[in-house]
Amino acid sequence: MVISKPSLIKKTFQKSFSVIAISLLSFTTYAAEFLVKTPEAFKDTVKNLSPGDTIKLANGTWQDFEILFTGKGSKEQPITLTAETKGEVILSGLSNLRLAGEYLVVSGLVFKNGYTPSSEVIAFRENKTEYAYHSRVTETVIEDYSNPDKQESDYWVGIYGQYNRFDNNYLAGKRNKGVTVAVRLNSKNSQQNHHKIDHNYFGPRPIFGSNGGETLRIGTSHHSLTDSFTVVENNYFDRCNGEVEIISVKSGKNQLRNNVFFESRGTLTLRHGNGNVIENNVFFGNGVDHTGGIRVINKDQIIRNNYMEGLTGYRFGSGFTVMNGVPNSPINRYHQVENALIEDNSMINVDHIQLAAGSDAERSAAPLNSKFAQNFVFNESAKQPFTLFDDISGIAFNNNVTNSKPLSELKSGFKVEAIKIERAENGLLYPVGKNIGVDRSISPITKSETGPSWYPKTAGQTDFASGATIKIKPQGDALFNAVQLAEDGDVLVLAPGDYDERKVIVIDKTLTIKADKSKTAQLSFERGAMFEIADGGSLSLDGLVISGKNSPDSSGNTLIRTKKWGMTANYRLVVQNSEIKNLDINHSFHFFVSGNGAFADEITLSNNSFDNITGDILRLDRELEDLGIYNAEYVTLSKNTFKDVEGALVKLYRGGSDESTFGPHLNMTNNKVTNVGNGKRNKSKSSLYLHGVQVTNVADNTLAESAQIVVEHTVGQPKTSIQNNKLSQDVSVVELRVSGPHTAVLENNQVVAK
Ligand code: CA
């Protein structure tokens, strides 16, 4: 609370006095409870509330209700806003909540089926002058409450003011741009805030596909030299995959402790601000791609007693990273690491520990006056995980223990021992018979200890073939109708016969469509597309024969497409063991076209044959604004044959210089390709066109009589490997932004002339 103004001191005094007066009587006498059933009743009631009072929203769905909850409670007698029954008050449509005043408590509300029309779903302020202090939001749910325009930015929770608490809440499924929870320091009365963020369940946040997908941010670069004193403890971060920063600390003197990060892509990043303490946190990567740990930048950071296991991330997403800084850095760049204390941590099966990372002409200031001591570094493969990018003599290494031969620069700071590890009762791995690394008393918080107890933690995607099996016969609109009636996860099994679809089949749930006996169901379609994937949809096709023979005689038909624009949910597409042929009615007949803004977590084509197609196979090049946005994270082509395809196999485009994403990834192995990419309308003049793809593996393919493979590297440090292929032309790799030779690995490719 601000106590610089005399008037406020007086008020505080008066309040203490009144509390004493009341406590001499009885609390219950004065605490009233009001049940309201309409927004108008809420508004009328809220202005008359006294300390100790409770206002309850009646059970049911409240549509488009923008709640403004103001009042002055006291420490002993807060004013409470809650649900008639916790979990049974649903705020939907264009609803949100602002709270401003002192000693307010909000609990039991559920935000779903809508989105906020303002910049926050929950704001700890009314406007730019009226803030919340000593207030609490607890046991509240925000689920899938995402703006339908994915690029429209908002926060789900904006914490302003001072001494506020955000605890035991459930937040999952944010799909639009913007941090899930932001602690703001953009006014004096929000600084040195001493907020507490604890016991929250941060459920799955899907890959956003560009910058702006952080789960928690404390401060911004502008105010980053200000202290925040925010405590973040006992939270569970479950698959928070939005972008490279799970948590972005951008202020000073925060404490982040006892949090668990489960299979979350990205890192806890100390991006700006000094004197933060990161301790007793547990990172379980389980070998999932791009899982990371902690990234250290700035001064006086303490990283102590943290446990990191099974983290695969590299570069700025590594299991552990200490960055190089920029000399006399501007406030929004990289301040030099100084006086970092890194001790008693366990790094077990962490693939990459990178020191002086990001060293380049600009980031030339190596870490200074820092310590790396009593850490336990163990890799089952016995592969040592360190990479040094610059002079690390500013980090003193002492009494660390490892099982793998360290780099010569680190030798004196490590004891190398043959060590056995064993999982203890707390779920963590420890060296047998040794006392090194994290303390044995550490007790990682479990999922069930976070969030409201009454709200089930079921967020996440539905697996293919996890539902019922439904048999379909080739009659009329049987397939179309069955898709309408199916439930998420169901499998539609097609009896042998011909299926001619006269309407576009919209897929808005996870569905598998497969032939009862492989390749006995023949499908064709009469509209410009056969399947359209919409929000909530994911499609798996298995063992089908699909032909374009009944499609309209116009250009640009597509077998499968997403909604043309405006999708916000990520989707998956898997096609296997199928025969796709004669997509040749008119020109530019494509197999798959992504809509603008659509994003696939996965597109997998395996063991199919594609024959006689006048367009492209996968068009994933809709984001031409060069904003770092792209259309698919993992694209896999394996064991297919492609013959006589006029367009390219894949056009995958990620433009711009943003470095907040890990993808896209392209994996193409064991395919047989004949006469692909030679059509006159194929402007890319390539059989495979990859622009800004971050991870590429093209191996063991045969490309005969086909156009070039074209790879364009942009930013990041793309990993491109093209090996053991038989090609009809040399691969083209160009660096568009970085000078010098290209960084792709091209080995054992055999070029066979036509
Ligand atoms: Ca970011």
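Conventions adopted
Residues numbered from 1 in each chain as written. Predicted model: local features only at pLDDT ≥ 70, side-chain atom pairs only at ≥ 80, totals over all residues. Heavy atoms only, no water. Buried < 20%, exposed > 50% of the residue type's maximum accessible area, 1.4 Å probe, protein only. Helix = DSSP H or I, 4+ residues; strand = E, 2+ residues; numbered from the N terminus. Pairing = 2+ DSSP bridges. Donors = N, O, S within 2.8 Å, 3.2 Å for Na, K, Ca; no water. Salt bridge = Lys/Arg side-chain N within 4 Å of Asp/Glu carboxyl O. Contact = heavy atoms within 4.5 Å. Arc of directions from axis to C-beta. Axes fitted to C-alpha atoms, helices over the stretch in contact; angles between N-to-C directions. Phe/Tyr/Trp six-rings, centres within 6.5 Å; stacked < 30°, edge-to-face > 60°. Core = buried A, V, L, I, M, F, W, Y, C linked by side-chain atoms within 4.5 Å. Domains from an automatic or database assignment. Buried area = accessible area lost by both parts, 1.4 Å probe. Polar contact = N/O pair within 3.5 Å; in protein donor to acceptor, adjacent residues only side chain to side chain.

Student: I'm lost on the pairing of strand β54 (residues 571-576) in this one. Help?
Tutor: Along any regular strand the residues' side chains alternate between the sheet's two faces. For β54, the tally of buried residues reaches five of six residues, placing the bulk of the element in the interior. Both strand β51 (residues 538-542) and β54 contribute to a ladder of four bridges, which runs parallel. Counted as the bridge partner of Asp542 is Gln576 from β54.

Student: Just to check I follow, could you spell out the coordination of the calcium ion for this structure?
Tutor: When a metal carries six donors in an octahedron, the ideal angles between them are 90 or 180 degrees, while four donors in a tetrahedron ideally lie at 109.5 degrees. Ligation of the calcium ion by protein atoms is provided by Asn211 (OD1), Glu214 (OE), Glu243 (OE), Glu243 (OE) and Glu245 (OE), these donors lying 2.4 to 2.7 Å from the ion. If you list the donors of the calcium ion from N- to C-terminus, the spacing comes out as N-x2-E-x28-E-x1-E. In this pair, Glu214 sits in the loop between β19 (201-202) and β20 (216-218) while Glu243 sits in the loop between β22 (236-238) and β23 (245-250), placing the two residues 29 residues apart along the sequence. Just as Glu214 is buried, Glu243 falls in that class too.

Student: What am I meant to see in the pattern of salt bridges here?
Tutor: Pairing is possible between side chains of opposite charge, provided their charged atoms come close. In this structure the tally under the stated criterion is 29 salt bridges. Measuring nitrogen to oxygen at the nearest pair gives 3.4 Å for the salt bridge that ties Lys447 to Asp238. Within this pair, whereas Lys447 is found in the loop between β43 (429-431) and β44 (469-472), its partner Asp238 is found in strand β22, the two being separated by 209 residues in sequence. A residue is classified by how much of its surface remains accessible, and Asp238, at 1% relative accessible area, is buried. A salt bridge links Arg265 to Glu633; its shortest N-O distance comes to 2.7 Å. Here the residue Arg265 occupies a position in the loop between β25 (260-262) and β26 (266-272), and Glu633 occupies one in strand β60 (residues 632-638), the gap between them amounting to 368 residues. With a relative accessible area of 0%, Glu633 lands in the buried category. By sharing partners, the salt bridges in this structure join Arg136, Arg165, Asp167 and Asp198 into a single network.

Student: Teacher, can you tell me more about the side chain of Thr226 here?
Tutor: Take Thr226: it is sitting in the loop between β20 and β21 (231-233). Contact partners of Thr226, with chain neighbours within four places excluded, come to Leu185, Gln191, Gln192, Ser251 and Gly252.

Student: I keep staring at helix α4 (residues 478-485) and nothing clicks. Help me out?
Tutor: Working note: α-helix, 3.6 residues per turn, so residues spaced by three or four point in the same direction. When we look at burial in α4, the residues that qualify are Leu479, Phe480, Ala482 and Val483. Down the axis of α4, the sector holding all buried residues measures 165°, keeping them to one side. Check the buried side of α4 and you find it contacts β44, β45 (491-494), β46 (497-501), β47 (505-507), β48 (510-515) and β49 (521-525).

Student: Could you clarify how one ought to interpret unusual backbone geometry in this entry?
Tutor: In this structure, Pro664 follows Gly663 across a cis peptide bond, with omega equal to 0°. For Pro664, the location among the structural elements is in the loop between β62 (650-653) and β63 (665-669). Positive phi, normally seen in glycine, also occurs at Glu139, with a value near 45°. Tracing the backbone through its elements, the reader meets Glu139 in the loop between β12 (136-138) and β13 (141-143).

Student: Just checking my understanding: could you explain the sheet that holds β47 for this structure?
Tutor: Hydrogen bonds between backbone groups are what pair the strands of a sheet, and the pairing can be parallel or antiparallel. Strand order in the open sheet formed by nine strands is β47-β50-β53-β56-β59-β62-β65-β68-β71, with parallel pairing between adjacent strands. Only two strands of the sheet have a single partner each, and these edge strands are β47 and β71 (732-735). When strand polarity is set aside, the average angle formed by the axes of neighbouring strands in this sheet is 15°. Sheet topology places strand β56 (residues 590-593) next to strand β59 (residues 618-620); two bridges connect them, and they run parallel. Counted as the bridge partner of Val593 is Arg619 from β59.

Student: Teacher, can you tell me more about the packing of aromatic side chains here?
Tutor: Two descriptors summarise a pair of aromatic rings, namely the distance from one centre to the other and the angle between the planes of the rings. All told, the structure shown has 25 aromatic pairs when counted by the stated rule. Centroid distance Phe525 to Phe589: 6.1 Å. Interplanar angle 85°. Geometry classified as edge-to-face. Of the two residues, Phe525 sits in strand β49 while Phe589 sits in the loop between β55 (579-583) and β56, which places them 64 residues apart along the sequence. Look at Phe525 and you get buried, because its relative accessible area is 0%. Classification of Phe589 by relative accessible area gives buried; the value is 0%. Clustering of aromatic rings is evident, with ring pairs tying together Tyr170, Tyr201, Tyr236, Phe262, Trp454 and Tyr455.

Student: What exactly am I supposed to notice about the nonpolar core here?
Tutor: Among soluble globular proteins, nonpolar side chains are generally buried collectively. By size, the foremost hydrophobic cluster in this structure holds 76 residues, and its most contacted members are Phe69 and Phe320. Excluding anything up to four places from it in sequence, Phe320 contacts Ile294, Val296, Ile303, Met308, Ile342, Met347, Val350, His352, Ile353, Gln354 and Phe372. Core analysis: the next-biggest nonpolar cluster, separate from the first, contains 69 residues, Leu492, Ile513, Ala515 and Val711 among them.

Student: Mind showing me how you'd approach the domain arrangement of the protein here?
Tutor: Many analyses report the size of an interface as the accessible area lost when the parts associate. When its domains are assigned, the protein resolves into domain 1 (267-398), domain 2 (479-615) and domain 3 (633-754). Between the C-alpha centres of domain 1 and domain 3 the distance comes to 33 Å. Counting residues at the interface gives four residues for domain 1, matched by eight residues for domain 3. With both sides pooled, the region where domain 1 packs onto domain 3 buries about 620 Å², and carbon together with sulfur makes up 48% of that total. Looking only at domain 1, the three residues that lose the most surface to domain 3 are His290, Tyr314 and Arg315, adding up to 77% of its buried area. One can count one salt bridge joining domain 1 with domain 3. With a closest N to O distance of 3.0 Å, Glu659 and Arg315 form a salt bridge. For the pair domain 1 and domain 3, the number of links is four residue pairs in polar contact (both at pLDDT 80 or more).

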